[in-house]
Amino acid sequence: MKQTHSIANETVDHARTREAWTLKRVLTNTYFLNAVSLIVFLLVWDYVAREHIFHDSLARPWDVVKQIVYLTNHKYAGTNLWGHIWASTRRVLIGFSIASVVAVPLGLFMALNTRVNAAVKPLFDLFKPMPPIAWVTIAVLWFGIGETSKVFIIVIGSFVPCLLNAYNGVRLVDPELYDVIRVLGGSRRDQIFHVCFPASFPAVFAGLQISLSVAWTCVLAAELTSSRTGLGFLIKRGMDTYKPTLVLGGMLLIAAAAWLTSQLVNILEKRLCPWKRHIENL
Amino acid sequence: MNANEQLLKIRCENISKTFIQKGNQEVPVIRDVNVDVRENEFLVICGPGQCGKSTLLRIIAGLEIPDTGTVLLDGKPVEGPGADRGMVFQSYMLFAWKTVRHNVELGLKLRGVPPKERQEIAQRYIDMVGLQGFENHYPHQLSGGMKQRVGIARAYANAPTVMLLDEPFGQLDAQTRMFMQHEIARIWEQEKRTVIFVTNNIDEALFLADRIVLMEGKLPGTVKTEYKVDLPRPREHISMDLLRLRKVITDNTELVL
């Protein structure tokens, strides 16, 4: 029984078998199926639009693309397309940053300290079930129709998932991991820095992702109500002037912008949690 | 027999522990347990599931405080966990966010050993458990047997005088388990420590132990008897002497479902 040999047997084998290209293999290829589903969707969309099933309220995909391209080099309400995208993105980023910088440490702190928890929890439970959109009107009354009210709504909306996930991330850590630190001669401080924080990272990042998507919902709600810039404004203006291309274009752009920002959070997570990087390979 | 091996290392005196469950229900887990462990002895605490053997180990580790009785380590009462006792856990308890090397180094890091020195020590124990080449792997990239090797290296690297192993191979498949038993015997021969090894597996106990403490199979757990296993090492699972002793022990163990 040679030792190195046994170790090799225990190792997980990552090797992929290479097969020849057959028709069956092409038809069951993931990328092929991805492409098929997208193309079918576009064809159905185009068909529904051409047949006027929603009367004139659904634009054809190509017209939406043309509308978006048109906006990139023509000003709309004094700002070109990039200006509108940036206006929304900026609000999201500011609101989301404020919320996460406050909520994540607060959530961690609540989970670690019963007194902080006892003081903050009732307030949090009171505001938690309140939909962030419910704050739109009061935000306008308090802060007017400027940037502050929009950022305020985003902060309110993205605060809750951030805090909740950080809180639960710490509470769900296996308590035996703290025993390991104690047995190794570590202090309470060591338990927090070597177990509590890193163990809760994945939950914290899951919370950040949810917060980000809530932030995009909130910015849209805020811009639909009162704004002269942003993607929500484009959608609203599209509705007011009966331009389905503008409404659909705005929707697509919001999706694209939201996807991009969530990719940024993904990259950040991979940087900070390198141990999660290989898990999908197993 | 080395004279050193007769020195008393740990003495458990009248240890009792009762847990309070939800609804104020009292569950007595162990009662009046007296166990002595000699220096560099390989002591196996053996008993069926739910007999309080892991609780006894956690009390020796200082992770639980007994209701009555004391644990004396080198003559001094144990008041909490400390780096003088290393522990290996049944479910490995590796830090998923640390590489093998950083898992093994952690105890040294917590005690302020400079990076270069702790890397050397960690490497020595990584080599000892046969994980050279896996230093920069994360735990999820390792198999169960390899994970527990990291657990063993992590405990050893912290230079404890006592090693506490809580059913360390309980989650491994039969083949790997047998192989790991050879490994832990080899490691113990190589780096003699006082070892307290908890298991529910009589074969494992016989293969490893200098002495077996057999615990009663119901709560509250008590010590039933002790067996001295005076067989030469390295042992074979199927040697006649070992099997004869096995028969004695199994006859003395009631089946608990």
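Residues numbered from 1 in each chain as written. Chains lettered and ligands numbered in written order. Predicted model: local features only at pLDDT ≥ 70, side-chain atom pairs only at ≥ 80, totals over all residues.

### Describing the overall build of chain A
A tally of regular secondary structure across chain A gives 12 helices and 0 strands. Counted from the first residue to the last, chain A has its helices and strands arranged as α-α-α-α-α-α-α-α-α-α-α-α. Its C-alpha atoms give chain A principal-axis dimensions of roughly 75 × 65 × 30 Å. Burial status across chain A gives 34% buried among its 282 residues. The contacts in chain A between residues at least 6 apart in sequence include a share of 70% that link residues at least 24 apart. (Helix = DSSP H or I, 4+ residues; strand = E, 2+ residues; numbered from the N terminus. Buried ≥ 20, exposed ≤ 12 C-beta atoms within 10 Å, placed from the backbone. Contact = placed C-beta atoms within 7 Å.)

### Brief notes about the nonpolar core
Counting 132 residues, the largest nonpolar core has A:Ile153, B:Ile60, B:Ala153 and B:Ile196 as the members making the most contacts within it. Residue contributions to this core peak at 15 residues, all from helix α10 (residues 188–225) of chain A. If sequence neighbours within four positions are ignored, B:Ile60 has contacts with B:Ile10, B:Cys12, B:Val71, B:Val78, B:Leu164 and B:Ile196. (Core = buried A, V, L, I, M, F, W, Y, C linked by C-beta atoms within 7 Å.)

### With respect to the interface of chain A and chain B
The figure often quoted for interface size is the accessible area lost as the parts come together. On the chain B side, the residues contacting the 23 residues of chain A number 25 residues. Of all the secondary structure elements, the ones that give two or more residues to the side of chain A that touches chain B are α1 (3–10), α9 (175–183) and α10 of chain A. Here the side of chain A that touches chain B gets 6 residues from one element, more than from any other, and that element is α9(A). Tallied by class, residues from the side of chain A that touches chain B come to 11 nonpolar, 7 polar and 5 charged. (Nonpolar A, V, L, I, M, F, W, Y, C, P; charged D, E, K, R; others polar.)

### A word on the sheet that holds strand β1 (residues 8–21) of chain B
Residue and element names in this part refer to chain B. With antiparallel pairing, the 4 strands of this open sheet are ordered in space as β2-β1-β4-β5. Looking at strand neighbours, the two that pair on one side only are β2 (25–38) and β5 (76–77), the edges of this open sheet. In this sheet, β5 lies alongside strand β4 (residues 68–73) in antiparallel orientation, the contact comprising 2 bridges. Bridging from a neighbouring strand, Leu72 pairs with Pro77 of β5. (Pairing = 2+ DSSP bridges.)

### Let's talk about the confidence of the model for chain A
In the predicted model, chain A carries a mean pLDDT of 88, and 91% of its residues have values of at least 70. Every residue in residues 1–15 of chain A scores below 50 in pLDDT, and together they form 11 contacts with partners more than four places removed in sequence or on other chains. (pLDDT = per-residue confidence, 0-100.)

### With respect to the domain arrangement of chain A
Taken as a whole, chain A is organised into domain 1 (2–41) and domain 2 (59–272). In this structure, domain 1 of chain A and domain 2 of chain A have C-alpha centres spaced 36 Å apart. (Domains from an automatic or database assignment.)

### Thoughts on the packing of helix α8 (residues 147–171) of chain A against α10(A)
Residue and element names in this part refer to chain A. The geometry of α8 relative to α10 is characterised by a closest axis approach of 7 Å and an angle of 155 degrees between their N-to-C directions. By the angle between their directions, the pair α8 and α10 is classed as roughly antiparallel. Like other packed secondary-structure pairs, α8 and α10 cross with a definite hand, here right-handed. Residue classes in the contact of α8 with α10 are distributed as 20 nonpolar, 10 polar and 1 charged. (Axes fitted to C-alpha atoms, helices over the stretch in contact; angles between N-to-C directions. Parallel < 35°, antiparallel > 145°, perpendicular 65-115°, else oblique. Left-handed = near helix turned anticlockwise from the far one by under 90°.)

### A word on the environment of B:Val129
Residues and elements named next belong to chain B. Summarising the element assignment, Val129 is placed in the loop between α3 (115–128) and α4 (144–157). The sequence separation of Val129 and Gly151 amounts to 22 residues, and the corresponding C-alpha distance is 9.7 Å. Filtering out sequence-adjacent residues up to four positions away, Val129 remains in contact with Arg149, Ile152, Ala153 and Ile187.

### What to know about the sheet that holds strand β10 (residues 223–228) of chain B
Residues and elements named next belong to chain B. As summarised here, the arrangement of the 6 strands in space is β6-β7-β8-β3-β9-β10, forming an open sheet in which the pairing is mixed. Strands at the two margins of the open sheet, each flanked by one partner only, are β6 (85–88) and β10. Strand-to-strand twist in this sheet, taken as the mean axis angle between neighbours without regard to direction, amounts to 15 degrees. Bridge count between β6 and strand β7 (residues 162–166): 4 bridges; the pairing is parallel. Its bridge partner being in β7, Gly86 is matched across the sheet by Met163. The sheet strands contacting α4 are β6 and β7, and the helix crosses β6 at an angle near 175 degrees.

### A short note on the confidence of the model for chain B
Confidence in the prediction for chain B averages 91 pLDDT; 96% of positions are at 70 or higher. Two numbers describe this predicted complex: its pTM, 0.82, and its ipTM, 0.90.

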